[in-house]
Amino acid sequence: GKILPLFLHNRGSTKELHQILSSNRHRWKNAVVHSYDDTSIENLELLLSLGDGLYIGLNGCSMKTQANLEIIRQIPLDRILIETDSPWCGIKKTHASYKYIHTHFEQTNHKKHCATKCVKGRSEPCQIVQVLECIAGIKNEP
């Protein structure tokens, strides 16, 4: 049969997730651990030990605290997938990563889609550039 990529949520279950993915490695080729926000280097190393094809998905929820940023510094660039998780997980002014944002978008308080403005408080697909800017800043990349 066809081997499809996996899109995984992981909250407080890294050891169990690793065990399942490891014992079923022959059943999958590519997977992303979506919206990664774990702050344990041991857990990150455990996931990365699954080898090529396992990616770490980063968005605003991944970059809230200084501890999150320390983990992001340890993720190899070729294992990172950037995401917005629209309409959730935007990068807020209170996030440790906010200082790395260079691109800002005009916002509106109206909750309906507007072609020229982002809805205030909602993560929009165009804001993926902000995720990239933060990762670059965190990892000291151009």
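Being a predicted model, the structure only gives us computed values, none of them experimental.

J.: So, the side chain of Glu133: which residues are in play, and what are the values?
T.: Its location among the elements puts Glu133 in helix α4 (residues 128-138). As a buried residue without a salt bridge, Glu133 has its nearest oppositely charged side chain in Lys93, at a separation of 14 Å. Within the local environment of Glu133, its side chain forms a polar contact with the side chain of Thr103, the two groups lying 2.4 Å apart. In contact with Glu133, not counting residues within four places along its chain, are Tyr100, Ile101, His102 and Thr103.

J.: Explain the nonpolar core to me, using residue names and the numbers behind them.
T.: In terms of nonpolar packing, the biggest core is built from 28 residues, with Tyr36, Leu47, Leu54, Ile56, Leu58 and Met63 touching the most fellow members. Secondary-structure elements contributing two or more residues to this core are α1 (14-23), β2 (31-33), α2 (41-48), β3 (54-58), α3 (66-74) and α4. Setting aside chain neighbours within four positions, we find Leu47 in contact with Thr14, Leu17, Val33, Tyr36, Leu54, Ile56 and Arg79.

J.: How would you sum up the pattern of salt bridges? Please name residues and give values.
T.: The final tally for this structure, using the stated rule, is 4 salt bridges. One salt bridge connects Arg11 with Asp37, and the closest N-O pair in it is separated by 3.4 Å. Placement of Arg11 in the loop between β1 (6-8) and α1 and of Asp37 in the loop between β2 and α2 is noted, with a sequence separation of 26 residues between them. The class of Arg11 is partly exposed, set by a relative accessible area of 48%. Using a relative accessible area of 30% as the deciding quantity, one classes Asp37 as partly exposed.

J.: Can you lay out empty space enclosed by the protein for me, pointing to particular residues and giving the numbers?
T.: Empty pockets left among the atoms are what a rolling probe the size of a water molecule brings to light. Counted according to the given criterion, the structure contains 1 cavity of 30 Å³ or more. Taken as a whole, the largest cavity encloses approximately 50 Å³ of empty space. If you trace the largest cavity, you find it lined by Gly60, Thr84, Cys89, Gly90, Ile91, Ser123, Gln127, Gln130 and Val131. In terms of residue class, the lining of the largest cavity is made up of 3 nonpolar, 6 polar and no charged.

J.: Now, about the layout of surface pockets: what can you tell me, with residues and values included?
T.: Of the volumes computed, that of the largest pocket is approximately 350 Å³. For the largest pocket, the lining is made up of 15 residues, of which Ile91, Lys92, Tyr98, Gln107 and Gln127 are closest to its centre. Counted by class, the lining of the largest pocket contains 4 nonpolar, 7 polar and 4 charged residues.

J.: Residue-level account of the sheet that holds β2, with values.
T.: Pairing in this open sheet of 4 strands is parallel, and the strands run β1-β2-β3-β4 from one edge to the other. This sheet does not close on itself; its edge strands, each paired only once, are β1 and β4 (80-82). Ignoring which end each strand starts from, the neighbouring axes of this sheet average 30° apart. Note that β2 and β3 share 3 bridges and pair parallel. When the sheet's bridge partners are listed, Val33 is paired in β3 with Ile56. Its contacts with the sheet place α4 against β3 and β4, and it is angled at close to 145° to β4.

J.: Residue-level account of the side chain of His18, with values.
T.: By the element assignment, His18 lies in helix α1. For His18, a relative accessible area of 16% puts it in the buried group. Beyond its immediate sequence surroundings of up to four residues, His18 is in contact with Leu46, Ser49 and Leu50.

Thresholds applied
- Residues numbered from 1 in each chain as written.
- Predicted model: local features only at pLDDT ≥ 70, side-chain atom pairs only at ≥ 80, totals over all residues.
- Heavy atoms only, no water.
- Helix = DSSP H or I, 4+ residues; strand = E, 2+ residues; numbered from the N terminus.
- Buried < 20%, exposed > 50% of the residue type's maximum accessible area, 1.4 Å probe, protein only.
- Lys, Arg positive; Asp, Glu negative; His and termini not counted.
- Salt bridge = Lys/Arg side-chain N within 4 Å of Asp/Glu carboxyl O.
- Polar contact = N/O pair within 3.5 Å; in protein donor to acceptor, adjacent residues only side chain to side chain.
- Contact = heavy atoms within 4.5 Å.
- Core = buried A, V, L, I, M, F, W, Y, C linked by side-chain atoms within 4.5 Å.
- 1 Å grid on protein atoms, 1.4 Å probe; cavity = no way out; pocket = protein on both sides within 12 Å on 5 of 7 lines; lining within 4 Å.
- Points joined across faces, edges and corners; volume = space filled by probe spheres on them.
- Nonpolar A, V, L, I, M, F, W, Y, C, P; charged D, E, K, R; others polar.
- Pairing = 2+ DSSP bridges.
- Axes fitted to C-alpha atoms, helices over the stretch in contact; angles between N-to-C directions.

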